[in-house]
There are 2 protein chains.
Amino acid sequence: MSDDSELLAANAAYYRAFANGDFAAMTRIWAEEGVSCVHPGWPALVGHDAILESYRGILHGMNRVRIAHRDDTAIVVGDEARVLCVEIVEGAALAATNCYRRIDGAWRMVHHQATPIALAAEERETPPRGQRLN
Amino acid sequence: MSDDSELLAANAAYYRAFANGDFAAMTRIWAEEGVSCVHPGWPALVGHDAILESYRGILHGMNRVRIAHRDDTAIVVGDEARVLCVEIVEGAALAATNCYRRIDGAWRMVHHQATPIALAAEERETPPRGQRLN
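All values derive from a computational prediction rather than experimental measurement. (Residues numbered from 1 in each chain as written. Chains lettered and ligands numbered in written order. Predicted model: local features only at pLDDT ≥ 70, side-chain atom pairs only at ≥ 80, totals over all residues. Heavy atoms only, no water.)

Things to note about the overall build of chain A
Heads up, the rule is: Strands here mean DSSP runs of E at least two residues long; helices mean DSSP runs of H or I at least four residues long; both are numbered from the N terminus. The buried label applies to any residue whose accessible area, calculated with a 1.4 Å probe on protein chains only, is under 20% of its type's maximum; exposed applies above 50%, and partly exposed to all values in between. Residues count as neighbours in contact if any of their non-hydrogen atoms are within 4.5 Å of one another. Computed with the Shrake-Rupley method and a 1.4 Å probe, the accessible areas treat only the protein chains shown as cover for residues.
Along its length, chain A carries three helices and six strands. The buried share among the 134 residues of chain A stands at 49%. Put simply, 53% of the contacts in chain A that link residues at least 6 apart link residues at least 24 apart. Of the roughly 6,000 Å² of accessible surface on chain A, 50% is carried by carbon and sulfur atoms.

Right under this line is the structure:
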């Protein structure tokens, strides 16, 4: 696969892990070192343990999070990359940035941040859980 | 200077340019290639021209934006780096991530994203314009 398609596959795997509540997959997706995460409304989390602990809480909650992504845009510079996409979480839209580093040939997440944004009314339909929209 | 202090100086320069409405400085701060930006509530902007155009509008608005930053945390891996910090914009708190790439020895911004967060009441005082809090 080209750099972009491998990266977009890694990004899809992140949302699949999220939608499926798959904490083991989420653990493999995140890099070990130099990682940070800003969940909507939360203060920044720095470090692998703090980040994975947050996902444990989110993914093991009583209710699965209905999450989908679309409009993925890949930016690759050497072994560093970003994917910008729109997340639809429980019907609300967020502008998400997922930063990746290529480690031993695999794109591992090093930063995630999602910021609430407005969406036009016709775009607000809630998709089936985990569906990729683009 | 060490990597961290050069990076934190670059991050301070970004907020100084913002607070001073200095568009020329902002132009120098951003890298040319592989750049993206998520202003609070906006859809993601990709590409140098779209991003600088957004700053032109923000910085040349009728009213200067009262902005400060604190709690800067640097993450440096080779020639790629991130600074996580708290922005105080017009009295509201945001979790900001500024991603940098070292190009010809200088840290240039490649991604900016700010996400609204809650702050404890005692932390909400609006600082003087452009003051660095930490």
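Some thoughts on the interface of chain B and chain A
The condition is simple: The term buried area denotes the loss of accessible surface (1.4 Å probe radius) that occurs when two parts are joined, taken as the sum for both partners. The salt bridge criterion pairs a side-chain nitrogen of Lys or Arg with a carboxyl oxygen of Asp or Glu, the two atoms within 4 Å. Whenever a nitrogen or oxygen atom comes within 3.5 Å of another N or O atom, the pair is scored as a polar contact, on the condition that within protein one atom can donate a hydrogen and the other can accept it, and that pairs from neighbouring residues in sequence are kept only if both atoms are in side chains. Amino acids are sorted into nonpolar (Ala, Val, Leu, Ile, Met, Phe, Trp, Tyr, Cys and Pro), charged (Asp, Glu, Lys and Arg) and polar (every other residue, Gly among them).
Chain B puts 28 residues into the contact, and the matching count from chain A is 28 residues. Summed over both sides, the interface of chain B with chain A buries roughly 1,900 Å², with 64% coming from carbon and sulfur. Counting the surface chain B buries against chain A, the share from its top three residues, Arg82(B), Gln113(B) and Thr115(B), is 23%. Our count for the chain B to chain A interface comes out at zero salt bridges. Joining chain B to chain A, the criterion identifies 15 residue pairs in polar contact (both at pLDDT 80 or more). Broken down by element, the residue count for the side of chain B that touches chain A peaks at six residues, all from strand S6 (residues 106-116) of chain B. Counted by class, the side of chain B that touches chain A contains 17 nonpolar, eight polar and three charged residues.

Side note on the pattern of salt bridges
Tallied over the entire structure, the rule returns eight salt bridges over all chains. The partner of Arg70(A) in a salt bridge is Asp71(A), with the nearest N and O atoms 3.8 Å apart.

Describing the environment of His69(A)
All names here are of chain A. Take His69: it is sitting in strand S3 (residues 67-77). Residue classification places His69 among the buried residues on the basis of a relative accessible area of 2%. C-alpha separation for the pair His69 and Glu87, spaced 18 residues apart in sequence, amounts to 4.5 Å. There is a polar contact of 3.1 Å between the side chain of His69 and the side chain of Asp72.

Looking at the relation of the copies chain B and chain A
Both copies of the chain are related by one operation, a rotation about an axis with a shift along it. Put simply, the rule reads: Overlaid copies result from least-squares superposition on C-alpha atoms, with residues included only where pLDDT is at least 70 in both.
Once turned by 180 degrees and shifted 0.0 Å along the axis, chain B lies on chain A with an RMSD of 0.0 Å. Here the copies are linked by what is in effect a two-fold axis. Taking C-alpha positions as the reference, the residue of chain B nearest the rotation axis is Thr115(B), at 2.5 Å. Same-surface contact between copies: 100% of interface residues of chain B are shared with the interface of chain A.

Thoughts on the pairing of strand S4 (residues 80-89) of chain A
Residue and element names in this part refer to chain A. Our working rule: The rule for pairing is simple: two strands pair if DSSP sees at least two bridges between them.
Summarising burial for S4: nine of the 10 residues are buried, a large majority. Where S3 lies against S4, nine bridges are found, and the strand directions are antiparallel. Residue pairing across strands places Arg70 opposite Val86, the latter belonging to S4. Hairpin connection between S3 and S4: a loop of two residues separates the two successive antiparallel strands, and Gly78 in this loop has a positive phi of roughly 65 degrees.

A look at the nonpolar core
The test is simple: Here, nonpolar core means buried Ala, Val, Leu, Ile, Met, Phe, Trp, Tyr and Cys residues that are tied together by side-chain atoms lying within 4.5 Å of each other.
If you look at the biggest cluster of nonpolar residues, it comprises 68 residues, and the most contacted ones within it are Tyr14(A), Trp30(A), Tyr55(A), Tyr14(B), Phe18(B), Trp30(B) and Tyr55(B). In this structure Tyr14(A) touches Met26(A), Ile29(A), Trp30(A), Tyr55(A), Asn98(A), Tyr100(A), Met109(A) and His112(A), once residues within four positions along its chain are discounted.

So far we have only geometry, and geometry alone does not tell us how the molecule works.
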